Amino acid sequence: MVEHLYIHVPFCHRICPYCSFYKHTFGNINQSELVQSTLNEISIRNDFYDFNIKTIYLGGGTPTALSRKNLESLLSGINQIVNLKSLEEWGIEVNPSTCNLKKAQMIKAHGVTRTSLGIQSWNESTLKKLGRDHSPSDAEKSFEILKSCEFNSLNIDLMFSIPGQSVVSWEDDLNKTIKLGPNHISAYNLNYEEDTEFFERLKKGEFYEDPEKDGDHFSLAMETLVGSGYEHYEISNYAFPGHRSKHNSSYWEGKDYLGIGPGAFSTVNGKRWRNVPDTKKYIEVLATNKINSLETEHETIDDSSFCIERIALQLRTSDGLNLRYVKNNLDK
C-alpha cells in the first residue's frame, strides 16, 4: 500500500549553484508534455499499487515555474486519478519569482493545504551569492499572497553558513522571518554537494567549510526560533503546534513513498529505485507506457539496512528513537 506520494517537477528558470537535485531550464521541452507524462505515470502506478494516499508533495526543481494553465492541469489531473479520501496533507514548493495571486488561488482551489516558500535569505547580497532569481521584496510579496489564501500551513525555507554570510546577517534573517509569523520554518545548513558549482568552487579553494561557523549559526537558529514559540521537531525544522510537515515526517519515520517524475526516488516494499533523470527520455518512455524502462539505480533494502536507516533518520527528530526498537532488531 502506498500512502505517500512525491511528484518531481524538474523545471527551473535559473539553476542555483548549490542545488544537487535533478533540474534544468525549460530548453526545448514542452511543459504540457511533461505534465501529461507525469499524469500517465501516476495513473499507471495507481493501477499497480494499492494507493491510500495520505500525503502528497510537489517538489523540484520549481513546481510553480509551470504556467498557471499547466500547473492547473497537473493538479486537476491528480484529483481525477487519485482517490484522496484519506488525504491529510498536500504540499507544494513555491519560488517567490513564480508566485502570483491567481496562481496561488488556483493552487488552493485544487486542494493543496501546505506551501513551502523558498526564500533562503532576506539579504540582497546573500541572495545574489546563492544565484536566486528573486529579491527580498519579491519574497515578502509572495509570502503575503500565500498568507492571504489561508493555506493550512505556510513554511519559509532559510539557509545558513552561506559564503560571506555573517552571524549578524543570519540573525537578521531569522528575526525578519519570525516577524512575518509563518507557522513553519525550515533552516538548512548549506552543504557542498557534488555536481554543483559551489562544490567545484570549494575544491578550488574559493569557498571553505567551517564546522565552528556551522555550529554557531545552528545554535543561533535553535535559540531564536524555540525562544519565539517554535517547536524544534527535526534538526532543520521548526513548527508551531499542529504544523509539523506530515509528508517529511513520513520519511523520518521510515515509511514507504512513491516518487513520480524524472529523477524521482521511490522506496516501496523493501525496494528502492530512481526514475531516469532525463526529462526527454522520461516523456518518451511514458508515451509507450513501458514504465519499467523508467526505473534505474535499483536497490534492495534488507532488514539490517532498514534498521540502520531508520535509526539515523529518527535520531534527527525530537521524538528520538525507542530503544526497544533497536533491541528487537539486534536480537534478530
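Residues numbered from 1 in each chain as written. Predicted model: local features only at pLDDT ≥ 70, side-chain atom pairs only at ≥ 80, totals over all residues. Heavy atoms only, no water.

### Looking at the overall build of the protein chain
A tally of regular secondary structure across the protein chain gives 12 helices and 12 strands. Here the C-alpha radius of gyration of the protein chain, 20 Å, is about what a compact globule of 332 residues would show, namely 20 Å. Its C-alpha atoms give the protein chain principal-axis dimensions of about 55 × 55 × 45 Å. Burial statistics for the protein chain: of 332 residues in total, 53% are counted as buried. Considering only residue pairs separated by 6 or more positions, the protein chain has 70% of its internal contacts joining residues 24 or more positions apart. Separation between the mean location of the 36 positive side-chain charges and that of the 45 negative ones in the protein chain comes to 5 Å. (Helix = DSSP H or I, 4+ residues; strand = E, 2+ residues; numbered from the N terminus. Rg over C-alpha atoms; globule rule 2.2 N^0.38 Å. Buried < 20%, exposed > 50% of the residue type's maximum accessible area, 1.4 Å probe, protein only. Contact = heavy atoms within 4.5 Å. Lys, Arg positive; Asp, Glu negative; His and termini not counted. Charge placed at Lys NZ, Arg CZ, Asp CG, Glu CD.)

### Observations regarding the side chain of serine 142
Mapped onto the elements of the fold, serine 142 is located in helix α5 (residues 136-148). Among the residues examined, serine 142 registers a relative accessible area of 2% and is labelled buried. Setting aside residues no more than four positions away along its own chain, serine 142 makes contact with Pro96, Cys99 and Leu117.

### Considerations on the sheet that holds strand β6 (residues 184-189)
Spatially, β7-β8-β6-β5-β4-β3-β2-β1-β9 is the arrangement adopted by the nine strands of the open sheet, whose pairing is mixed. A single partner strand is all that each edge strand has here, and the edge strands are β7 (231-234) and β9 (258-260). Across this sheet, the average inter-strand angle for adjacent strands is 20°, counted without regard to direction. Pairing between strand β2 (residues 51-60) and strand β3 (residues 89-94): four bridges, direction parallel. Bridged to isoleucine 56 within β3 is tryptophan 90. Lying on the sheet, helix α8 (residues 211-227) is in contact with β5 (153-160), β6, β7 and β8 (237-239); it crosses β8 at an angle near 10°. (Pairing = 2+ DSSP bridges. Axes fitted to C-alpha atoms, helices over the stretch in contact; angles between N-to-C directions.)

### Focus: the nonpolar core
In terms of nonpolar packing, the biggest core is built from 66 residues, with Ile56, Leu58, Leu74, Ile78 and Leu258 touching the most fellow members. Ranked by size, the runner-up nonpolar core spans 12 residues in total, among them Cys19, Leu190, Phe198 and Phe207. (Core = buried A, V, L, I, M, F, W, Y, C linked by side-chain atoms within 4.5 Å.)

### A word on the packing of helix α2 (residues 68-81) against helix α3 (residues 101-109)
At a closest axis distance of 10 Å, the pairing of α2 and α3 adopts a crossing angle of 5°. Put simply, α2 runs roughly parallel to α3. Residues Arg68, Leu71, Glu72 and Leu75 of α2 pack against Lys102, Lys103, Met106 and Ile107 of α3. Here the residues of the contact of α2 with α3 are counted per class, giving four nonpolar, no polar and four charged. (Parallel < 35°, antiparallel > 145°, perpendicular 65-115°, else oblique. Nonpolar A, V, L, I, M, F, W, Y, C, P; charged D, E, K, R; others polar.)

### Things to note about the pairing of β2
Looking along a regular strand, one sees the side chains alternate between the two faces of the sheet. Among the 10 residues of β2, nine are classified as buried, and the element is accordingly described as predominantly covered. Note: strand β1 (residues 2-9) against β2, seven bridges, orientation parallel. In the sheet register, leucine 5 faces β2, and the bridge partner there is isoleucine 56. Taken together, β2, α2 and β3 form a β-α-β motif whose crossover is right-handed. (Right-handed = clockwise from strand over helix to strand, strands pointing away.)

### Concerning the packing of helix α6 (residues 167-180) against α8
Angle between the axes and distance between the axes are the two parameters that describe a pair of packed helices. Packing of α6 against α8 leaves a shortest axis separation of 10 Å and a crossing angle of 25°. With respect to each other, α6 and α8 are oriented roughly parallel. Crossing hand, α6 versus α8: right-handed. When α6 is examined against α8, the residues Val167, Trp170, Glu171, Leu174, Asn175 and Ile178 are found in contact with a partner set consisting of His217, Leu220, Ala221, Thr224 and Leu225. Across the contact of α6 with α8, the residue classes break down as seven nonpolar, three polar and one charged. (Left-handed = near helix turned anticlockwise from the far one by under 90°.)

### Observations regarding the packing of aromatic side chains
Where two aromatic rings form a pair, the distance of their centres and the angle of their planes describe that pair. As enumerated under the stated definition, the model contains 11 aromatic pairs in all. Ring geometry for tyrosine 192 versus phenylalanine 207: centroids 6.3 Å apart, planes at 50°, classification tilted. Of this pair, tyrosine 192 sits in the loop between β6 and α7 (197-203) while phenylalanine 207 sits in the loop between α7 and α8, and the two are 15 residues apart along the sequence. You can call tyrosine 192 buried: its relative accessible area is 13%. For phenylalanine 207, a relative accessible area of 6% puts it in the buried group. (Phe/Tyr/Trp six-rings, centres within 6.5 Å; stacked < 30°, edge-to-face > 60°.)

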